[in-house]
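Notes for the structure review
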Amino acid sequence: MKNPFASAMKAARLMQKGRPMSAAFAMHGLLTTPAKPLKKAPARKPATKRIAKPTPPARPLPGSFTDGLFESKHGTIRYKLYTPTGSARRRMPIVVMLHGCSQSAGDFATGTGMNQLADERGVIMLYPEQSRSANMARCWNWHRPGDQLRGKGEPALIAGLTRHAIALARADPTRVYIAGISAGGVAAAIIGQAYPELFVAVGIHSALTRGDVSTVSGALAAMRGRSTSEAPTGRTPRPRPTIVFHGDADTVVHPSNADGFLSLLERSPHGPLVSQFEQGTSEGGRAFTRTEHRDAKGDVMLENWTVHGSSHAWSGGARASSYTDPAGPDASRAMLRFFLARRRKPVRKAAP
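Residues numbered from 1 in each chain as written. Predicted model: local features only at pLDDT ≥ 70, side-chain atom pairs only at ≥ 80, totals over all residues. Heavy atoms only, no water.

**Regarding the overall build of the chain**
When you go through the chain residue by residue, the secondary structure sums to nine helices and twelve strands. Looking at the chain residue by residue over its 352 residues, the buried ones come to 47%. Pairs at least 24 residues apart make up 66% of the contacts formed inside the chain by residues separated by at least 6 positions. Here the chain displays about 19,300 Å² of accessible surface, and carbon together with sulfur accounts for 57% of that area. (Helix = DSSP H or I, 4+ residues; strand = E, 2+ residues; numbered from the N terminus. Buried < 20%, exposed > 50% of the residue type's maximum accessible area, 1.4 Å probe, protein only. Contact = heavy atoms within 4.5 Å. Areas by Shrake-Rupley, 256 points an atom, 1.4 Å probe, with all protein chains shown as cover.)

**Some thoughts on the pattern of salt bridges**
In total, this model carries 14 salt bridges according to the counting rule given. Here D295 ties to R238 by a salt bridge, and the two come within 2.6 Å at their closest N and O atoms. One end of the pair, D295, is in the loop between strand 9 (287-294) and strand 10 (300-307); the other, R238, is in the loop between helix 7 (216-223) and strand 7 (242-247), with 57 residues separating them in the sequence. The class for D295 is buried, based on a relative accessible area of 4%. Exposure remark for R238: the relative accessible area of 33% places this residue in the partly exposed category. Within this structure, E278, R290, E292, R294, E303 and R337 form a network of salt bridges that share partners. (Salt bridge = Lys/Arg side-chain N within 4 Å of Asp/Glu carboxyl O.)

**A few points about the state of the cysteines**
Each disulfide consists of a covalent bond between the sulfur atoms of two cysteine residues. All told, the structure shown has one disulfide when counted by the stated rule. Residue pairing for C101: its cysteine sulfur links by disulfide to C139, the two sulfurs lying 1.9 Å apart. Torsion about the S-S bond of the C101 and C139 cystine: about 130 degrees, corresponding to right-handed handedness. Of this pair, C101 sits in the loop between strand 3 (94-98) and helix 3 (105-112) while C139 sits in the loop between strand 4 (124-129) and helix 5 (153-169), placing them 38 residues apart in sequence. For C139, a relative accessible area of 15% corresponds to the buried category. (Disulfide = S-S within 2.5 Å.)

**So, the layout of surface pockets**
Of the pockets and cavities examined, the second largest pocket occupies roughly 490 Å³. Together, 15 residues line the second largest pocket, and R240, P241, D299, R343 and K345 are the ones closest to its centre. Per-class residue counts for the lining of the second largest pocket are six nonpolar, no polar and nine charged. (1 Å grid on protein atoms, 1.4 Å probe; cavity = no way out; pocket = protein on both sides within 12 Å on 5 of 7 lines; lining within 4 Å. Points joined across faces, edges and corners; volume = space filled by probe spheres on them. Nonpolar A, V, L, I, M, F, W, Y, C, P; charged D, E, K, R; others polar.)

**A closer look at the sheet that holds strand 10**
Two strands in a sheet stick together by hydrogen bonds in their backbones, pointing the same way (parallel) or opposite ways (antiparallel). Spatial strand order, 1-2-4-3-5-6-7-10-9-8: ten strands in an open sheet with mixed pairing. Every other strand in the sheet has two partners, leaving strand 1 (65-72) and strand 8 (274-281) as the edge strands with one partner each. Adjacent strand axes in the sheet meet at a mean angle of 20 degrees when their direction is disregarded. This element, helix 3, spans strand 1, strand 2 (75-82), strand 3, strand 4 and strand 5 (176-181) of the sheet and lies at about 140 degrees to strand 4. (Pairing = 2+ DSSP bridges. Axes fitted to C-alpha atoms, helices over the stretch in contact; angles between N-to-C directions.)

**Observations regarding the confidence of the model for the chain**
For the chain, per-residue confidence averages 86 on the pLDDT scale, and 79% of positions sit at 70 or higher. Note on residues 30-35: pLDDT is under 50 here. Beyond four places in sequence and across chains, it has four contacts. (pLDDT = per-residue confidence, 0-100.)

**Structural notes on helix 9 (residues 331-340)**
Across the ten residues of helix 9, eight count as buried, placing the element largely inside the fold. The N-terminus of helix 9 is capped by D330, whose side-chain oxygen sits 3.1 Å from the backbone nitrogen of S332. (Polar contact = N/O pair within 3.5 Å; in protein donor to acceptor, adjacent residues only side chain to side chain.)

**Re the packing of aromatic side chains**
Under the counting rule described, the total for this entry stands at seven aromatic pairs. Ring geometry for F108 versus W314: centroids 5.5 Å apart, planes at 90 degrees, classification edge-to-face. Here F108 is found in helix 3, whereas its partner W314 is found in strand 11 (residues 314-315), with 206 residues between them in sequence. In this structure F108 comes out as buried when scored by relative accessible area, which is 2%. Look at F245 and W305: their rings are 4.8 Å apart centre to centre, the planes differ by 15 degrees, and that puts the pair in the stacked class. One end of the pair, F245, is in strand 7; the other, W305, is in strand 10, and 60 residues separate them in sequence. Judged by relative accessible area, W305 falls into the buried class, the value being 9%. Positioned above the aromatic ring of F65 is the side chain of K80, whose terminal nitrogen or guanidinium carbon lies 5.0 Å from the ring centre. We note R342 situated over the ring of F338; from NZ or CZ to the ring centre the distance is 3.7 Å. (Phe/Tyr/Trp six-rings, centres within 6.5 Å; stacked < 30°, edge-to-face > 60°. Lys NZ or Arg CZ within 6 Å of the ring centre and 35° of its normal.)

**Some points on the nonpolar core**
Ranked by size, the top nonpolar core spans 51 residues in total, and within it L98, W142 and I178 carry the most contacts. Sequence-distant contacts of I178, defined by excluding residues within four places in its chain, comprise V96, L98, I158, A188, I191, G192, F199, A201, V202, G203 and F339. (Core = buried A, V, L, I, M, F, W, Y, C linked by side-chain atoms within 4.5 Å.)

**Quick look at the environment of R319**
Relative to the assigned elements, R319 resides in the loop between strand 11 and strand 12 (324-325). When residues no more than four places from it in sequence are discounted, the contact partners of R319 are T324 and P326.

**Notes on the pairing of strand 3**
When a strand is regular, its side chains alternate between the sheet's two faces. Taking burial as the measure, the five residues of strand 3 include five buried ones, the bulk of the element. Neither face of strand 3 is exposed, since I94, V96 and L98 on one face and V95 and M97 on the opposite face are all buried. Across three bridges, strand 3 lies against strand 4 in parallel orientation. In the strand pairing of strand 4, I94 is matched with I124.

Following this line, the structure appears as structure tokens:
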């Protein structure tokens, strides 16, 4: 661009010399010289909003017994979670406990005494609680086809809750177990078999295998040991290692149902079974027979306790709760011992 001051001075000198036309042209050049276009400022990129990662909920304090609510596409369920005393940093095993009909999570925790044992052994205890809206008697709906399979109904809901509790309590995912009594025992058997990648072992008390039950009448017949369908004979998937307790005076779930777990094991790929049994008497005076069934590798796949003279009750349970037999051998301690002897083997990555 021309210097505007120099152009003005030139026009003035031309006017003094009597050359007005030249002066006019000089001024005209000044006024019509195009200005250089202004440089546009570089466009600013819109500020990127940093999305803060959600802060994981605080791990429950050691020795705490907390209430929770879990929601998923499979339903909503309340639960209680016990975190044992001791270090808050260690990764501990977790046991899912399914109560029986008419019981609550708190009642079942008291009756089994599992929280006290959890402090001894360093185990997290999870107690899902069935709602009356799902079942008026608070039974788990193990007799309904929609609650018997992986990815559906109560099995999917309990599996989802278990994963939630593992994350919340920072539990050890290689040491996850499930147990239950009566309807909760059948549900535990179904869920443990439906999610073998999640549950390492199963504990059953006063219950039965699901079998071919799909109606309430079929469930009642099976509980009485009078199934209306023929016993299945086909091959079945290898069951989770299982520990079973049953009183031989049980009038709610017939004691013969305990044999169903051995039948299930015998129909699975396991090789020859080696069985050995022992008899004893509990501190409370109950006689019992304990039978172990080992596979070809020597691993105990089924441990079956028959508590003589006991009814439909948790063996060795606290008198202050419902459906307990304080005189029997300690089912809670036996189950924890069985569970903690097993953990999931780490998955080896294939060579590249």
